[in-house]
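Structural overview
Residue strings, one per chain:
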Amino acid sequence: FSKESGASACQSCAPGTYAEEGSARCTRCPPGSISSVSGSGSCSQCPQGKYEVANQVCSDCDVGTYAKGGSASCNQCPPGSVSDPNGGSCVQCAPGSVSSTDALYCQECDAGRYEVRNQFCVACPSGSISAPHERNCTRVA
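Below is a summary of the structure that appears in this document. Computed from a prediction, not measured in an experiment: that's the story for all the values here. (Residues numbered from 1 in each chain as written. Predicted model: local features only at pLDDT ≥ 70, side-chain atom pairs only at ≥ 80, totals over all residues. Heavy atoms only, no water.)

**Points about the overall build of the protein chain**
- Within the protein chain, the secondary structure is distributed over 0 helices and 16 strands.
- At 25 Å, the protein chain has a C-alpha radius of gyration far larger than the 14 Å of a compact globule built from 141 residues.
- When its C-alpha atoms are laid out on the principal axes, the protein chain stretches across 90 × 15 × 15 Å.
- Across the 141 residues of the protein chain, 30% fall into the buried class.
- Within the protein chain, counting contacts between residues at least 6 apart in sequence, those at least 24 apart form 20% of the total.
- Surface summary for the protein chain: the accessible area is close to 8500 Å², and the carbon and sulfur share equals 49%. (Helix = DSSP H or I, 4+ residues; strand = E, 2+ residues; numbered from the N terminus. Rg over C-alpha atoms; globule rule 2.2 N^0.38 Å. Buried < 20%, exposed > 50% of the residue type's maximum accessible area, 1.4 Å probe, protein only. Contact = heavy atoms within 4.5 Å. Areas by Shrake-Rupley, 256 points an atom, 1.4 Å probe, with all protein chains shown as cover.)

**Some words on unusual backbone geometry**
- Look at Asn55: it is not a glycine, yet its phi comes out positive at around 60°.
- Inspection of the secondary structure assignment puts Asn55 in the loop between β5 (50-53) and β6 (57-60).
- With a relative accessible area of 5%, Asn55 lands in the buried category.
- In this structure, Asn118 takes a positive phi of about 55° despite not being glycine.
- The exposure class of Asn118 is buried, given its relative accessible area of 6%.

**Observations regarding the state of the cysteines**
- With the rule as written, the count across this model stands at 8 disulfides.
- The residue that forms a disulfide with Cys13 is Cys26, at a sulfur-sulfur distance of 2.1 Å. Residues Cys13 and Cys26 are joined through a disulfide that is left-handed, its torsion about the S-S bond being -95°. With Cys13 in the segment before β1 (17-18) and Cys26 in the loop between β1 and β2 (27-28), this residue pair connects regions lying 13 residues apart in the sequence. (Disulfide = S-S within 2.5 Å.)

**Looking at the pattern of salt bridges**
- For the structure shown, the criterion picks out 2 salt bridges.
- With a closest N to O distance of 3.0 Å, Glu115 and Arg135 form a salt bridge. Of this pair, Glu115 sits in strand β13 (residues 113-116) while Arg135 is found in the loop between β15 (128-129) and β16 (138-139), placing the two residues 20 residues apart along the sequence.
- The class for Glu115 is buried, based on a relative accessible area of 5%. (Salt bridge = Lys/Arg side-chain N within 4 Å of Asp/Glu carboxyl O.)

**Quick notes on the pairing of β6**
- In this sheet, β6 lies alongside β5 in antiparallel orientation, the contact comprising 4 bridges. When the bridges of β6 are listed, Val53 appears paired with Val57.
- Count of turn residues in the β5/β6 antiparallel hairpin: 3 residues, of which Ala54 carries a positive phi of about 55°. (Pairing = 2+ DSSP bridges.)

**Overview of the environment of Ala111**
- Among the structural elements, Ala111 can be located in the loop between β12 (106-108) and β13.
- C-alpha of Ala111 to C-alpha of Ile129: the two residues are 18 residues apart in sequence and 7.6 Å apart in space.
- Not counting chain neighbours up to four residues away, the residues in contact with Ala111 comprise Ser130, Ala131 and Pro132.

Right under this line is the structure:
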């Protein structure tokens, strides 16, 4: 960029900012975008599963969180789901399974318990049973 009109020398924008050709100033990259080197003429959007840090680097989302492309932060997966391997979305736990409290993994309900909304394993009522990883209990005659 050039601070003065008609200047013969240009200055480089710092990482995290960019300037279009002929611009008189540097502009901060928008949230979810980065420029990692000095003198950038544009910013790059962070890919899904990554979030922008200080407009300079894209960092991986932690397990149990996700980010769409161009995100400035990661979001916690909702109850009953875990993040996919790329961290770009969340995946619902299979029937008869629940997500761990930190959404790191899905866990099957034990025999004698059933799954409620993929969030809780609850003991079968008296006179009922269930096999491992079941959604319902069966009444015993």
